[in-house]
Amino acid sequence: MTQKRAEILLAAVIAARATSLLFSKIAMNGMGIFNLLAARFLMAFVLLAVFFKRLRHIKRHTLVRGAIMGGLFFLMLSTELTGLKSTPSSTVSLLENTAIILVPMSEAVLRHKLPKAATAVSALVAIGGVALLTGQSGGFTPGMVLAVMAAVLYAAAIITTDRFSHEDDPLTLGIVQVGTLGLLALVSSFVFEAPRLPQSGTQWLMIAGLAVICTGFGFTLQPVAQSHTTAQRAGLFCALSPACATLLGAAALREHISVMGMCGIALILLSLLVPQLWQLAVRRASPCCPVMPSLPCAGPEIS
């Protein structure tokens, strides 16, 4: 798989996962947070294990790595859903996806080098869009603080997935990750809640959507997509999530989008195009160009 195709898949994965906030908001009417997560991820795990048959001869290091990834995403989703109970889905997604700036900054610290110029500009444009979208909400609430905590955990999960998916089978990692998350949620549901099956057709429909679209496709294929790109680029693609969540929230939950919010969405989408525009500008600055004759004909690959 080429990097371009992997990033198209990653964009589709993140857009699909953006729908999870909408499904979860509806399903949580009558279900506990851990109860919802357990139903969603255990259903998805059974479907994935039966369909792909990747767990028959799983190696120990793959199991451990997938479990670590699942644990990080469990913590992230627990804080996300707790914040979602008192905060609009669009606002939670916007704050959670400040991971778009946390990932490249964390990568720079871990690798002891500055992020590439195109990545830095993309991150700045995207975070500007998130700031505009958040500005329409008017101030921080406890739910927003939880969403920021989810952002930190999401950044850690992206970086961890980047490391493991380049060293192991990404699809098997994704399946183990889903199973681990479901198991942790089930245990937490027995400890902190009164677990039960969904009680209405709407809840079953929402959980089925969460299991198949957001988990089976979204969570499981993220390691596959990330194995062909960088953690910094994956972090930037998180910008798609708040844009999708804001539009879905407005359409299905009647959450208001101001002019400032629309400008924020436009900036977020622009941020994804910055690396391509940057690369095009570098390639045009070839020996044929009298302004920068010292550059080679084919510009360096920007990632």
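Criteria and thresholds
Residues numbered from 1 in each chain as written. Predicted model: local features only at pLDDT ≥ 70, side-chain atom pairs only at ≥ 80, totals over all residues. Heavy atoms only, no water. Axes fitted to C-alpha atoms, helices over the stretch in contact; angles between N-to-C directions. Helix = DSSP H or I, 4+ residues; strand = E, 2+ residues; numbered from the N terminus. Parallel < 35°, antiparallel > 145°, perpendicular 65-115°, else oblique. Left-handed = near helix turned anticlockwise from the far one by under 90°. Contact = heavy atoms within 4.5 Å. Nonpolar A, V, L, I, M, F, W, Y, C, P; charged D, E, K, R; others polar. Core = buried A, V, L, I, M, F, W, Y, C linked by side-chain atoms within 4.5 Å. Buried < 20%, exposed > 50% of the residue type's maximum accessible area, 1.4 Å probe, protein only. Salt bridge = Lys/Arg side-chain N within 4 Å of Asp/Glu carboxyl O. pLDDT = per-residue confidence, 0-100. Patch = residues over 30% accessible without salt bridge, like charges linked within 9 Å, V, L, I, M, F, W, Y side chains within 5 Å. Areas by Shrake-Rupley, 256 points an atom, 1.4 Å probe, with all protein chains shown as cover. Polar contact = N/O pair within 3.5 Å; in protein donor to acceptor, adjacent residues only side chain to side chain. Phe/Tyr/Trp six-rings, centres within 6.5 Å; stacked < 30°, edge-to-face > 60°.

## What to know about the packing of helix H3 (residues 60–84) against helix H7 (residues 142–165)
Alright, step 1. As a packed pair, H3 and H7 sit with axes 8 Å apart at the nearest point and diverge in direction by 165°. Compared by their axis directions, H3 and H7 come out roughly antiparallel. Crossing hand, H3 versus H7: left-handed. Between H3 and H7, the contacting residues are Arg 65, Ile 68, Met 69, Leu 72, Phe 73, Leu 75, Met 76, Thr 79, Glu 80, Thr 82 and Gly 83 on the first element and Gly 143, Leu 146, Met 149, Ala 150, Leu 153, Tyr 154, Ala 156, Ala 157, Thr 160, Thr 161 and Phe 164 on the second.
Alright, step 2. Classifying every residue of the contact of H3 with H7 gives 14 nonpolar, 6 polar and 2 charged.

## Quick look at the packing of helix H2 (residues 33–52) against H3
The relative placement of two packed helices comes down to the angle between their axes together with the axis-to-axis distance.
Alright, step 1. Interaxial distance between H2 and H3 falls to 10 Å at its minimum, and their mutual angle equals 130°. By the angle between their directions, the pair H2 and H3 is classed as oblique. In this structure, H2 crosses over H3, and the sense of that crossing is right-handed. Within the contact between the two elements, H2 uses Ile 33, Phe 34, Leu 36, Leu 37 and Phe 41 and H3 uses Phe 74, Leu 77, Ser 78, Leu 81 and Thr 82.
Alright, step 2. Split by residue class, the contact of H2 with H3 holds 8 nonpolar, 2 polar and no charged.

## A closer look at the nonpolar core
Alright, step 1. Among the nonpolar cores identified, the biggest contains 54 residues, and Leu 36, Leu 37, Met 76 and Leu 81 are the most heavily contacted of them.
Alright, step 2. Of the residues forming this core, the biggest block, 9 residues, is contributed by H7.

## Observations concerning the pattern of salt bridges
Alright, step 1. Following the criterion strictly, the structure yields 4 salt bridges and no others.
Alright, step 2. Between Arg 65 and Glu 167 there is a salt bridge, with its nearest N and O atoms 3.3 Å apart. With Arg 65 in helix H3 and Glu 167 in the loop between H7 and helix H8 (170–192), the pair connects residues that are 102 residues apart, well separated along the chain.
Alright, step 3. Here Asp 168 makes a salt bridge to Arg 65, at a shortest N to O gap of 3.2 Å. Here Asp 168 is found in the loop between H7 and H8, whereas its partner Arg 65 is found in helix H3, with 103 residues between them in sequence. Take Asp 168 and Arg 65: they sit in the same class, and that class is buried.
Alright, step 4. Several salt bridges share partner residues, and in doing so they unite Arg 65, Glu 167 and Asp 168 into one network.

## Considering the confidence of the model for the protein
Alright, step 1. When pLDDT is averaged along the protein, the result is 78; 82% of the residues meet or exceed 70.
Alright, step 2. Segment residues 289–303: pLDDT under 50, and 30 contacts once partners within four positions in sequence are set aside and those in other chains are kept.

## Here's the deal with a nonpolar patch on the surface
Alright, step 1. On the surface, a nonpolar cluster with roughly 430 Å² of combined accessible area is contributed by Leu 183, Val 187, Val 191 and Phe 192.
Alright, step 2. By secondary structure assignment, the location of Phe 192 is in helix H8.

## What about the environment of Arg 65?
Alright, step 1. Taking C-alpha positions, Arg 65 is 9.8 Å from Gly 174, a pair spaced 109 residues apart along the chain.
Alright, step 2. Leave out the neighbours within four places in its chain, and Arg 65 touches Phe 164, Glu 167, Asp 168 and Leu 173.
Alright, step 3. For Arg 65, the side chain forms a polar contact with the side chain of Asp 168, separated by 3.2 Å.

## Topic: the side chain of Ser 78
Alright, step 1. If you trace the backbone, Ser 78 turns up in helix H3.
Alright, step 2. Here Phe 74 takes part through its backbone oxygen, which lies 2.8 Å from a polar atom of the side chain of Ser 78.
Alright, step 3. Beyond its immediate sequence surroundings of up to four residues, Ser 78 is in contact with Ile 33, Phe 34 and Leu 37.

## Section: the packing of aromatic side chains
Alright, step 1. For the structure shown, the criterion picks out 4 aromatic pairs.
Alright, step 2. Each residue in the set Phe 34, Phe 74 and Phe 192 is aromatic and connected to the rest through ring pairs, giving one cluster.

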